[in-house]
Structure formats: C-alpha cells, structure tokens
Amino acid sequence: MRAVVICLALLLSACGFHLRGAYTLPYESLYIDLPDNSVLGAGLKRQIRASGGTRMPELKEEAQAIFLQITELRERQILSLSTSGRVREVRLRFRFAFRVVDPKGRDLVPTTGIELSRDLTYDDSAILAKDQEEQLLWRDMESDLVQQVLRRLSTIKPLKPEDAQ
C-alpha cells in the first residue's frame, strides 16, 4: 500500500501537478482600485494579503501598480422555454475586464477580460429554492473570478512603462 502511494506521488510530481497555493505577483506593492463594498475587491485583497509577497498601500501614489476595473457586467439570459411559454433554463453570465497601470497611468497589463457562465434549470414551483441556487451560483462565480484574476496577474509579465508607449 505504501509503495502505491509513493508511486502515485512520484507520478503526480513528475507531470508538473501542484496544488493551488498562494499567488506570487510580480509587483512589490499593488493598490486595488475597487469600492470598499465590492465582493471582488475584498476577495482580491484577502488573497493578496494571505500570499504575503505584495504590499497593499492605502494610497495609489504609494503603489508600484494600480489594479483598475474596466467593466463588470452580470447578465441573465433565457436559454429555453417550456411548451407553455415558461422559462426552463437560464444562463448566468459574468463579464469582467481589468487593467493594471503604474501611478502615472501607463499600462503595465493591458485591458484583460474574463467571462464566466453557469447554466441553471428553472422551475416555477420552486421559486425560492431556484433564487437561492442562483445567488449561490453568482457567489461561486465571484470566487472563481478572484482566482482567475490572481492567476492572470501572477502569470502575465507586466510591460515596462517605456515599452507601452
């Protein structure tokens, strides 16, 4: 049994598999320019603080980079109707775009977009349950968006301000 576990561990490490951990951002300090009541802003700040590698100053001018939200759009699209004309399936779509600039406003990371979607069956006889399920899916997408933004920030090589011009 022990040999099987060791073999499995060796195979997983050989293929490059590793658990998601803290993200290492390429900035010494990063200002998150999102409202205080933003779920996304709170999630980003929490994850960056947990990683410990990047400072988060209180003022934009003190940061090496500034994270700016360009768009945040939530859509609810009807996918299918029943024969009686009632909604049967809904798609929730979350679109988010951001960019990272230096304190002088020059692009370090050009505008980058992320789109998430979840499909949801709908039933008029269970309206409260489906509303709760929809809210749960929106929260799941917000959490997923935080992870995707951090992955992109940690892997995108920032432009040097002189290269951006």
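In this report, we go over the structure that sits alongside the text. Since the structure is predicted, the reported quantities are computational estimates derived from the model, not experimental observations.

## Points about the packing of helix α2 (residues 39-51) against helix α3 (residues 127-155)
For step 1, the next point in the chain: Where α2 contacts α3, the axes come no closer than 9 Å and their chain directions differ by 50°. On the basis of the axis angle, α2 is oblique to α3. Here α2 and α3 pass one another in a crossing that is right-handed. Here V39, L40, G43, L44, Q47 and I48 of α2 lie close against α3, whose contacting residues are E142, L145, V146, Q147, V149 and L150.
For step 2, the next point in the chain: In the contact of α2 with α3, the residues fall into eight nonpolar, three polar and one charged.

## Describing the pairing of strand β4 (residues 107-121)
For step 1, the next point in the chain: Bridge count between strand β3 (residues 87-101) and β4: twelve bridges; the pairing is antiparallel. Bridge pairing in β4 links E89 to T121.

## Looking at the pattern of salt bridges
Working definition: two side chains of opposite charge can pair if their charged atoms are close together.
For step 1, the next point in the chain: Applying the stated rule across the entire model yields 14 salt bridges.
For step 2, the next point in the chain: Across the pair E75 and R95 runs a salt bridge whose closest N-O atoms are separated by 3.6 Å. Within this pair, whereas E75 is found in strand β2 (residues 65-81), its partner R95 is found in strand β3, the two being separated by 20 residues in sequence.
For step 3, the next point in the chain: Residue E75 is classed as partly exposed on the basis of its relative accessible area, which comes to 24%.
For step 4, the next point in the chain: R93 is the salt-bridge partner of E115, the closest N and O atoms lying 3.1 Å from each other. On the criterion of sequence distance, the pair formed by E115 in strand β4 and R93 in strand β3 is long-range, its members being 22 residues apart.

About the criteria used
- Residues numbered from 1 in each chain as written.
- Predicted model: local features only at pLDDT ≥ 70, side-chain atom pairs only at ≥ 80, totals over all residues.
- Heavy atoms only, no water.
- Axes fitted to C-alpha atoms, helices over the stretch in contact; angles between N-to-C directions.
- Helix = DSSP H or I, 4+ residues; strand = E, 2+ residues; numbered from the N terminus.
- Parallel < 35°, antiparallel > 145°, perpendicular 65-115°, else oblique.
- Left-handed = near helix turned anticlockwise from the far one by under 90°.
- Contact = heavy atoms within 4.5 Å.
- Nonpolar A, V, L, I, M, F, W, Y, C, P; charged D, E, K, R; others polar.
- Pairing = 2+ DSSP bridges.
- Salt bridge = Lys/Arg side-chain N within 4 Å of Asp/Glu carboxyl O.
- Buried < 20%, exposed > 50% of the residue type's maximum accessible area, 1.4 Å probe, protein only.

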